[in-house]
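Notes for the structure review
Take a look at the letters that make up each chain.
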Amino acid sequence: MKYLFLVLLFINSFYALADSGIKKSAKKTAEKVEEKISSKGKELVDKIGDERIKKLDEGIHKVSRILHKNHLALKAGANFSANRLETKANTDDHYTGYGFNTHFGYHWSQLEISGSSYIHYGKAEELQYIVNDNVISGEGTVQFVSISPMIRFHTNWEPKQNYRFYIGGGPIWSIETVKLQDYNNSVGAFQEETKITYESSGGILVFGVEEQTPFKEMHPVFIEVAFVYQSSFRVSTVDISKVAETNILTTQRSFDDLETYNIMFSLGITVF
């Protein structure tokens, strides 16, 4: 009887140990399965999240292009220019100028038509101007004011993400005013309170990039480089002794009496 009891006790202990081992093995297997499922689930969630973010970004980009269609816009900015003046008296000068620019027009998806204006101020060194067949030499401040009906074509190329490249151009007309501060006049008819004004025409070619935003009210920025060539067709002398009055003293045709070359670097934003 005693031996039978010991045998039964041994068999019971064996089964208890076996059951414990099975439970531990099952627990480890369950943990591994759970860990694997969790890892796969995390990868799936990350993948779905990345896809949703990508689709959202694509949707914003599409909305941006749609909202950029068919709207009026006013843009404005500052510009720096490198300029060259050549006169009929075979004198020339290079000078730099600072100013601002504005553009008001209609913007479709890729085509933009606007009225653009550029203003800059600088100082020219010793030049010889021919006015009424008289030679006037000197140096002074130069003011350049121009307007241009311009067409810009916005491409799909983005040199930087969300910045589209564009190219444009058009005819340009300007008034260039020279106020001499130190001058020599062979005839003596040119007075201190007199300025020389040239009316010129030519062409302008622009290259630039513009930021793409979902709404124009977010004030997208633009960077532009413009190349301008103009030649004069009329010259006038103006009395500026009275601020409230503009008294034109003389005016005459002056084809190619003054030629200008300008490179303008502009930085601006969409105002509204």
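Fair warning: this is a prediction, and the values are worked out from it, not measured in the lab.

About the criteria used
Residues numbered from 1 in each chain as written. Predicted model: local features only at pLDDT ≥ 70, side-chain atom pairs only at ≥ 80, totals over all residues. Heavy atoms only, no water. Helix = DSSP H or I, 4+ residues; strand = E, 2+ residues; numbered from the N terminus. Buried < 20%, exposed > 50% of the residue type's maximum accessible area, 1.4 Å probe, protein only. Contact = heavy atoms within 4.5 Å. Phe/Tyr/Trp six-rings, centres within 6.5 Å; stacked < 30°, edge-to-face > 60°. Lys NZ or Arg CZ within 6 Å of the ring centre and 35° of its normal.

With that settled, the discussion passes to the overall build of the protein chain. Check the secondary structure of the protein chain and you find 1 helix and 9 strands. Walking the protein chain from its N terminus toward its C terminus, one meets helices and strands in the order α-β-β-β-β-β-β-β-β-β. A buried classification covers 33% of the 272 residues belonging to the protein chain. Within the protein chain, residue pairs in contact and separated by at least 24 positions form 68% of the contacts whose partners lie at least 6 positions apart.

Let us now look at the environment of Lys195. Looking at the secondary structure, you find Lys195 in strand β6 (residues 194-211). Residue classification places Lys195 among the partly exposed residues on the basis of a relative accessible area of 23%. Between the C-alpha atoms of Lys195 and Ser236, which are 41 residues apart in sequence, the distance is 8.3 Å.

This structure, assessed with the given rule, holds 6 aromatic pairs. A centroid spacing of 5.4 Å and a plane angle of 55° characterise the contact between Trp157 and Phe165, whose relative ring orientation is tilted. The exposed category is assigned to Trp157, whose relative accessible area is 52%. We classify Phe165 as partly exposed; its relative accessible area is 22%. Here the aromatic rings of Tyr229 and Tyr261 are separated by 5.2 Å at their centres, their planes lie at 50°, and the arrangement is tilted. Pair noted here: Tyr229 is in strand β7 (residues 221-239) and Tyr261 is in strand β9 (residues 258-270), with a separation of 32 residues, a long-range link. Accessibility expressed as a relative area gives 34% for Tyr229, which makes it partly exposed. For Tyr261, a relative accessible area of 32% corresponds to the partly exposed category. The positively charged end of Lys75 is found above the aromatic ring belonging to Phe222, 6.0 Å away from the centroid.

Let us look at the side chain of Thr260. Its place among the elements puts Thr260 in strand β9. The exposure class of Thr260 is buried, given its relative accessible area of 0%. Aside from chain neighbours lying at most four places away, what touches Thr260 is Arg84, Leu85, Glu176, Val228, Tyr229 and Gln230.

These figures capture arrangement, not role.
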